[in-house]
Amino acid sequence: MSNWWESSPVAEEKTDATPAANWWDEHPTEGDQGAPKKQNTSLIGDIGTGLKRGALQIPGIATGLGDIVSAPLAVASGVRKPISKAADWLGKKTGLQFGKWADEATAEYSPEMQQAIAHVDEAQGFFPALKAAVEKPRSIANLVAESLPSTLVGGVAARGAMGAVMGAERLAATRLAAAAGDKAAKASLLKAGSIAGGIGEGAVTAGQQMEQTDESVDPLRAAGSAIGSGIGTGIIGTAGGRLATKLGLPDVDTAFAAGTLGDGVKDGATTAAKIGNTAKRMAVGGVQEGVFEEMPQSAQEQVWQNVANGKPWDEGIGEAMAQGLIAGTAMGAGVNTLPRGTAAEPQ
């Protein structure tokens, strides 16, 4: 795991000789000129910054996927990561430098959040990383916040993959039957949703891995490692989605793909029963998403990243597993707090 302070540099102050990089720099608000970037003063503000950083990193997923496809061209031309370089050039011309803004946004974190992230980043190994996160729970909120935008992108991709998995006509008919209460149709929808969810997760992972791989790495090696990482994540995600369905729980990616977000076990007739069932859903859903999906996904993704960058295969695996477990448990429990919905509605 890279050091937080090295991977998240604070934006440098601009001098008169340095041109503004974007519209916001050229049109500062009153009293802003020369002032350092404001820091958050609350956890809510830090969560907002985490969400913003996660959203600003989404274009990197797209350029990463482009670099995978263009890897043979990169070998032939000698220009590595051509899509990313083209995006960087365009960003400098237009001022839309999303990656730069994501890095600079780290300066917005409150001192408490910066200390929490640094504390967790210094931990080495699975259990020390878990212990550090528990000691600094603010870091957990940030980890989840930064992960949510890419999770949503994976869900959108999974939704789009449903047509490829089932076929457009069959998908439409199955959704209509599920909406009418046909249990077999809903089961078929969820099965296809777990496959589509794995495809969405895998695509996002592959793009992220390629984007994070050092430019000095051979393009074919980098692309191959990214593809391997994406396939591994997709397989684990599909298996996790099937497990969640068998447990009667909503899986985030499966639910996005199948259009069943909010479905779960019966809430119960009384308030006590509703609270009890929700707590049970949260506990089991957290374990399913954290232990059986995100933790092994994070482990194999780290292995592939190490292979691509020529590092020892097991470097940073413990810390990656801890982060995956924490983020997965939080999101798995969170999605199971949603009220029980009806069967998937026709689209």
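Only a predicted model underlies this, so the values are computations on that prediction, with no experimental measurement involved.

Focus on the overall build of the protein
No. 1: When its secondary structure is counted, the protein shows 16 helices and zero strands.
No. 2: Counting across all 347 residues of the protein, residues that qualify as buried make up 43%.
No. 3: Intrachain contacts of the protein at a sequence separation of at least 6 include 78% that bridge at least 24 residues.
No. 4: Accessible surface computed for the protein: about 17,600 Å², of which carbon and sulfur atoms make up 62%.

Topic: the packing of aromatic side chains
The relation between two aromatic rings is expressed through the spacing of the ring centres and the mutual angle of the planes.
No. 1: According to the stated counting rule, one finds two aromatic pairs in the structure shown.
No. 2: Aromatic pair F98 and W101: ring centres 5.6 Å apart, planes at 80 degrees, arrangement edge-to-face. Here W101 and F98 lie together in helix α7 (residues 98-104), a separation of three residues that amounts to about one turn.
No. 3: Where F126 meets F127, the ring centres are 5.0 Å apart and the plane angle is 80 degrees; that geometry is what we call edge-to-face.

Regarding the nonpolar core
No. 1: M162, M166, L171, L189, A196 and A257 are the most contacted members of the largest nonpolar core, which totals 13 residues.
No. 2: Those elements that provide at least two residues to this core are α10 (138-166), α11 (168-179), α12 (183-212) and α14 (252-258).
No. 3: A per-element tally of this core places α12 first, with five residues.
No. 4: In contact with A196, other than residues within four places in its own chain, are A158, A161, M162, V165 and A257.
No. 5: Formed by 10 residues, the second largest nonpolar core is a distinct cluster that contains A123, L130, A322 and I326.

Some remarks on unusual backbone geometry
It is generally the case that most residues other than glycine have a negative phi and that most peptide bonds are trans.
No. 1: At K81, a residue that is not glycine, the phi angle is positive and equals roughly 50 degrees.
No. 2: In this structure, K81 sits in the loop between α5 (71-77) and α6 (82-94).

Some points on the side chain of S70
No. 1: Mapped onto the secondary structure, S70 falls in the loop between α4 (58-69) and α5.
No. 2: With relative accessibility at 10%, the residue S70 sits in the buried group.
No. 3: Setting aside residues no more than four positions away along its own chain, S70 makes contact with P82 and I83.

Some thoughts on α10
No. 1: Over its 29 residues, α10 runs 42 Å from end to end, which matches the ideal 42 Å to within 8%, given 1.5 Å per residue.
No. 2: The sharpest bend along α10 measures roughly 35 degrees and falls at L148, with the proline P149 sitting one to four residues further on.
No. 3: Count one or two residues on from α10 and you reach G167, which has phi positive near 90 degrees.

Some words on the pattern of salt bridges
Pairing between side chains of opposite charge can happen when the charged atoms of each approach one another.
No. 1: Counting across every chain of the model gives five salt bridges.
No. 2: The partner of D46 in a salt bridge is R138, with the nearest N and O atoms 3.0 Å apart. Placement of D46 in helix α3 (residues 43-56) and of R138 in helix α10 is noted, with a sequence separation of 92 residues between them.
No. 3: Between E135 and K131 there is a salt bridge, with the nearest N and O atoms lying 2.4 Å from each other. Taken as a pair, E135 and K131 lie in helix α9 (residues 126-135) at a separation of four residues, close to a single helical turn.

What counts as what
- The numbering scheme is per chain: residues are counted from 1 as the chain's sequence reads.
- The model is predicted, so local features are restricted to residues of pLDDT at least 70 and side-chain atom pairs to those at 80 or more, both for listing and for counting; the totals for chains, interfaces and linings are taken over all residues.
- Only hydrogens and water are removed before side-chain values are computed, so all heavy atoms of the structure are retained for them.
- A run of H or I in DSSP counts as a helix once it spans at least four residues, and a run of E counts as a strand once it spans at least two, with each numbered from the N terminus.
- For every residue, the accessible area (1.4 Å probe, protein chains only) is compared with the maximum for its type, and the residue is labelled buried under 20%, exposed over 50%, or partly exposed between those bounds.
- Should any heavy atoms of two residues lie within 4.5 Å, those residues are considered in contact.
- Note on areas: Shrake-Rupley with a 1.4 Å probe; residue coverage comes only from the protein chains shown.
- Note on aromatic contacts: the rings of Phe and Tyr and the six-membered ring of Trp form a pair at centre separations within 6.5 Å, being stacked when their planes are under 30 degrees apart, edge-to-face when over 60 apart, and tilted otherwise.
- The criterion is simple. A nonpolar core is a set of buried Ala, Val, Leu, Ile, Met, Phe, Trp, Tyr and Cys residues joined through side-chain atoms within 4.5 Å.
- For a helix, the expected span equals 1.5 Å multiplied by the residue count minus one.
- Throughout, the bend at a residue refers to the angle made by two axes, fitted to the seven residues ending there and to the seven starting there.
- A pairing counts as a salt bridge when a side-chain nitrogen of Lys or Arg comes within 4 Å of a carboxyl oxygen of Asp or Glu.

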